[in-house]
Amino acid sequence: MSKFFSKKPTMILISAILSCFTGVFTVTAQTVCTNSVGTLNGYTYEFWKDTGGSGYMTMGPGAAFSVAWSDVNNILVRTGMRPGTKNAMITFAADFHPDGNSYLGVYGQTRDPHIEYYIIESWDSWRPPGGEGLMGTFDSDGATYDIYRTVRIFDSMMEPLPQYWSVRRSKRTSGTITVRNHFVAWEVFGMDMGALYEVSFCVEGIQSSGTADVYELAFGSRDETPAPTPDGIPGDVNGDGAIDILDALLTALYYVGLDISSTFIPANADVDNNGTINIMDALKIAQYSVGLITDF
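It should be emphasised that the depicted structure is a prediction, and the values quoted were computed from it without experimental measurement.

**Considering the overall build of the protein**
Here comes step 1: A tally of helices and strands in the protein yields four helices and 12 strands.
Here comes step 2: Within the protein, buried positions represent 49% of all 296 residues.
Here comes step 3: A separation threshold of at least 6 residues defines the contact pool for the protein, and within that pool the share at least 24 residues apart is 66%.
Here comes step 4: When the accessible surface of the protein is totalled, it reaches about 13700 Å², and 54% of it is carbon and sulfur.

As structure tokens, this is what we get:
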């Protein structure tokens, strides 16, 4: 399949922006450079950029698209399905050339509760979401993903927005993503999801420039997928294969708010399976470690 970029990215970006300013393109055309949502070829597309810098998005055949951006603060473009399906399987291939913080992968949201989620396949100078909020790991599509839960804080009066992340340990720019595996893994770790609002494939840039040509993008579905196996066992909160007094201590430290994210697996700490981690979990782990109880 032919790829979209045939000129230098800077020249393409300038040409597209000039076209937007002169009104040649509109939100219903195949190239957009202002915040807009539309449908094309049976897929939803969205271009979003906050203040600063410039960028544009061009839709290709099917769900394929390309994007170029320069000196942006934040830009997020994607195509996909709304509401989509939790059984989604996405096959993609991309030329991804960011200069600075940017990532490539699946993006979406749910409602009731409102959740923003990412499945990250590649990135540049910064591996999202930065190491905070690590919940554990699981394997899918031949690779290991780290699972994170973070909260996005808005400057306005909006409520903080929870974010779920699966971040591939090794980068790739082509392959198949079994989306359902990630949804199941998040729920295993107590990260409940609401009703789907969208399942999309995205390119996001933060304080960066770059180009991305997602020249192959197909959305399918898989009715049955095996549930992924999270890393570790209940009570083994540091993942060393043993349940001992150190696990109890780490659980207590987590409960009082100390940052131990580099050595702590929250999903293994909720030993009474009540959806929260508290001092009773630490006590039960301590009791188990010295033989006072034999199970949780």
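**Quick word on the side chain of S166**
Here comes step 1: Looking at the element boundaries, S166 is found in strand 10 (residues 161-168).
Here comes step 2: Classification of S166 by relative accessible area gives buried; the value is 0%.
Here comes step 3: Apart from residues lying up to four places away in sequence, S166 is in contact with Y118, I119, I120, F138, Y145, D146, I147, H182 and W186.

**Considerations on the environment of M81**
Here comes step 1: Structurally, M81 can be placed in strand 5 (residues 65-81).
Here comes step 2: Setting aside its immediate chain neighbours within four residues, M81 contacts G42, Y43, E198, V199, S200 and F219.

**Looking at unusual backbone geometry**
Here comes step 1: Along the chain, D112 connects to P113 via a cis peptide bond; the corresponding omega equals 10°.
Here comes step 2: Structurally, P113 is set in the loop between strand 6 (88-111) and strand 7 (115-123).
Here comes step 3: Cis peptide bonds are those with omega within 30 degrees of zero, and the linkage from P128 to P129 qualifies with -5°.
Here comes step 4: Mapped onto the fold, P129 is located in the loop between strand 7 and strand 8 (134-140).
Here comes step 5: Not every positive phi belongs to a glycine, and Q207 is a case in point at roughly 50°.

**Points about the nonpolar core**
Here comes step 1: Counting residues in hydrophobic clusters, the biggest one holds 46 residues, and the most contacted among them are Y117, W186, F201, V203 and L217.
Here comes step 2: Looking at which element gives the most residues to this core, the answer is strand 12 (residues 195-221), with eight residues.

What counts and how
Residues numbered from 1 in each chain as written. Predicted model: local features only at pLDDT ≥ 70, side-chain atom pairs only at ≥ 80, totals over all residues. Heavy atoms only, no water. Helix = DSSP H or I, 4+ residues; strand = E, 2+ residues; numbered from the N terminus. Buried < 20%, exposed > 50% of the residue type's maximum accessible area, 1.4 Å probe, protein only. Contact = heavy atoms within 4.5 Å. Areas by Shrake-Rupley, 256 points an atom, 1.4 Å probe, with all protein chains shown as cover. Core = buried A, V, L, I, M, F, W, Y, C linked by side-chain atoms within 4.5 Å.

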